[in-house]
Amino acid sequence: MDRKAIIILAVSFALMIGWSLLVNRIYPPQPIPLETNRLAGATNRTTADTNVSAAAATSSGVSTSVPTTGRFVESEEPEKLLTIENDSVRLTFTPRGGGLKLVELKNYPESVACRSRNGFTTNKFATLNTKAPVPAFALVGSDALQGDGNFSLTKTDGVVRAEKTLPSGARLVKEFQLGTNYLLSVIVRLENPAAQPLELPAQELVIGTATPLDPSDNATLMAMQWYDGVNAQSVSEPWFANRTFGCFPGAPRAEYLAGNTNVLWAAVYNRFFTMIVAPPTNAPAPVVLARHVNLPPPSAEEIAASRKVVDRPFGFQAAFVYPAMTLAPKQTVERRFDVFAGPKEYKLLDRLAALFGNNMDLVMGFGGFFGFFARLLLLSMNGLHALGLSYALTIIVITVIIKVLFWPLTQMSTRSMKRMQALQPQVKAIQEKYKDDPSKMNQKMMELWKQNKVNPAAGCLPMLIQLPIFFGFYRMLQTAIELRGASFLWACDLSQADTVWVIPGLNFPLNPLPLIMGATQLWQMRLTPPSPGVDPVQQKMMQYMPLIFLFILYNFSSGLTLYWTVQNLLTIAQMKLTKASSATVPTPANPASPPPRRKK
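This one's a predicted model, so the numbers in the text were calculated from it and none came from an experiment. (Residues numbered from 1 in each chain as written. Predicted model: local features only at pLDDT ≥ 70, side-chain atom pairs only at ≥ 80, totals over all residues. Heavy atoms only, no water.)

Enquirer: In this structure, what is going on with the packing of helix 10 (residues 424-433) against helix 11 (residues 438-451)? I would like to understand it.
Expert: Packed helices, taken two at a time, are described by the angle between their axes plus the distance between the axes. Two elements in contact, helix 10 and helix 11, have axes separated by 9 Å at closest approach and are oriented at 160°. Between helix 10 and helix 11, the interaxial angle falls into the category roughly antiparallel. Considering the relative orientation of helix 10 and helix 11, their crossing is right-handed. Touching Gln 426, Val 427, Ile 430 and Gln 431 of helix 10 are Met 441, Lys 444, Met 445, Leu 448 and Trp 449, all from helix 11. Among the residues making up the contact of helix 10 with helix 11, the classes are represented as 6 nonpolar, 2 polar and 1 charged. (Axes fitted to C-alpha atoms, helices over the stretch in contact; angles between N-to-C directions. Helix = DSSP H or I, 4+ residues; strand = E, 2+ residues; numbered from the N terminus. Parallel < 35°, antiparallel > 145°, perpendicular 65-115°, else oblique. Left-handed = near helix turned anticlockwise from the far one by under 90°. Contact = heavy atoms within 4.5 Å. Nonpolar A, V, L, I, M, F, W, Y, C, P; charged D, E, K, R; others polar.)

Enquirer: Which parts of the structure should I look at to understand helix 11?
Expert: An α-helix turns once every 3.6 residues. As a result, residues three or four positions apart point the same way. Here helix 11 contains 14 residues, and its C-alpha end-to-end distance of 20 Å stays within 8% of the 20 Å for a straight helix at 1.5 Å per residue. Listing the buried residues of helix 11 in full gives Met 441, Lys 444, Met 445, Leu 448 and Trp 449. Along helix 11, the residues classed as buried sweep out an arc of 140° about the axis, all on the same side. Residues Ser 439, Met 446 and Lys 450 are exposed on helix 11 and point more than 90 degrees away from its buried face. (Expected span 1.5 Å × (residues − 1). Buried < 20%, exposed > 50% of the residue type's maximum accessible area, 1.4 Å probe, protein only. Arc of directions from axis to C-beta.)

Enquirer: How should the sheet that holds strand 18 (residues 265-269) be read in this particular structure?
Expert: One open sheet holds the 9 strands; their spatial order is 7-8-9-10-23-19-18-13-14, and the pairing between them is antiparallel. Looking at the sheet topology across the chains shown, the edges are occupied by strand 7 (152-156) and strand 14 (232-236). In this sheet, neighbouring strand axes are inclined to one another by 20° on average, regardless of whether the strands run parallel or antiparallel. Each of strand 10 (183-191), strand 19 (273-278) and strand 23 (332-343) touches helix 6 (residues 346-356); the most contacted strand, strand 23, lies at about 160° to it. (Pairing = 2+ DSSP bridges.)

Enquirer: For this particular structure, what's the right way to read a nonpolar patch on the surface?
Expert: The grouping of Leu 489, Trp 490, Val 500, Trp 501, Leu 510, Leu 515 and Ile 516 at the surface amounts to a nonpolar patch, some 620 Å² of accessible area in total. Examined against the element boundaries, Leu 489 turns out to sit in the loop between helix 12 (461-479) and strand 24 (501-503). On the basis of relative accessible area, Leu 489 is assigned to the exposed category, the value being 60%. (Patch = residues over 30% accessible without salt bridge, like charges linked within 9 Å, V, L, I, M, F, W, Y side chains within 5 Å. Areas by Shrake-Rupley, 256 points an atom, 1.4 Å probe, with all protein chains shown as cover. Salt bridge = Lys/Arg side-chain N within 4 Å of Asp/Glu carboxyl O.)

Enquirer: I'm lost on the pattern of salt bridges in this one. Help?
Expert: In a structure, side chains of opposite charge can pair up when their charged atoms sit close to one another. As enumerated under the stated definition, the model contains 16 salt bridges in all. Arg 90 is the salt-bridge partner of Glu 104, the closest N and O atoms lying 3.4 Å from each other. Pair noted here: Glu 104 is in strand 4 (residues 99-109) and Arg 90 is in strand 3 (residues 89-94), with a separation of 14 residues, a long-range link. Taking the relative accessible area as the measure of exposure, Glu 104 reaches 15% and is therefore buried. With relative accessibility at 23%, the residue Arg 90 sits in the partly exposed group. Here Glu 191 makes a salt bridge to Arg 189, at a shortest N to O gap of 3.4 Å.

Written out as structure tokens, the structure reads:
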């Protein structure tokens, strides 16, 4: 490695360590503005369509505006919690707001292999709605919808019932019934027992809060998502931070508001777990709303159990917004919801999507062209694991299978590049001879490739064809809960970076697998024959491409870097085998001079 390469490597490493600190210093994060006026048209929200259609308003007697305050009344009464559970999940309900306070997933421990190996063991479960400021299915907004905020909680035959008489005289009743497969049935009823009509303001029904996976989760894969019957749309931290090019934060946004009586479901999720709330397909919610909310700081115990802690945790609170309405005497308005609160496990979500007919499996992020490859790779990985292989070995085996399938194409590409390298003198001669006539030069070059049976694009073809597989791997490994806690050598959790040490003072992790990946890629680049006719500056830039990938993938999951490392090693082995077995390249034909004529 020359001096310039060492300098570039050192600068890249320094940028990798200090990039986030540098950006935060030049562009310090701005606090979310306090909400002073959240009537329709407030400046801190983006509105896709905040109004219910006129026809719906006329038929149901509801207002076309949906102004809500979002305020949650904290009850001063003692909090007497109530729980229901089955083999998979435990649900905790609170009288404060009469909603779902916490979801505990009994099949998924809070701590995985890494934390247990470091001496931090716990019998706690993975949770949803963790430390959320407002319980799920709390009705917030006007004081007329909350009163003192305290509900009466009862449990009968596994059904939790929360009820309260509102200041207006209306009766608010909620029923929660736990089912199988992480499903929960919810009914919310507004009753008018009086003999006169009751006016109710716009209602904001909180459906849950996306919260971090653990104290070290930087919320990169945490979001709110909703589905309109055609497309699934996601809102995450970059949207609220209003980042330019995904890096430089601008004036932060306080809330997101969208929908036009077409919200078939909405979900809040982190990397591995989700809560999806779906009204009946024939009665979609009018509007969905999401807010950036601050969460309590981590406790001393959580700080001790984590190598890196997010100092200011936050979440995304989601709600269905229903417009103001008039309840006729003795009228009852009932809203039903099917709730999934569990792991982002593709097979399970795919079955439930078929059951409800609402494509809730899109929460996995497997839509689009690359999503097809992500699904295929995930099913292949689970199939190999079912045969008894560890998940690390399944990644290696899939990588080997892919390499074998593409072996003929890669070998053809390598031989073509070698032929092109042998033609370098003729290429330079043509470039020199026709430097003042580019069209003639291109014509002669094409004749040269044709006579020597060389395809200039062959060198890039294997890489282009394998790009969808790489992006499919990338997307699949982002959300594959199967890799959570799966180990390989020193990497104790393939869903996370393989951090073995954190540099004191800098708080920078030392991750061996990305470094090995970068080294093998540099080795591969050294073995790759240079393409003729390529500018020397471009060739130099290509030599440092591994450093760019190292910078991008350094903190990604070790499962992804394991795939890329094995891919590099197999490519290196193939190049050496091709070099050892290839015959001497024949003397190329030269189109610069015409072939001699035969004498008669």
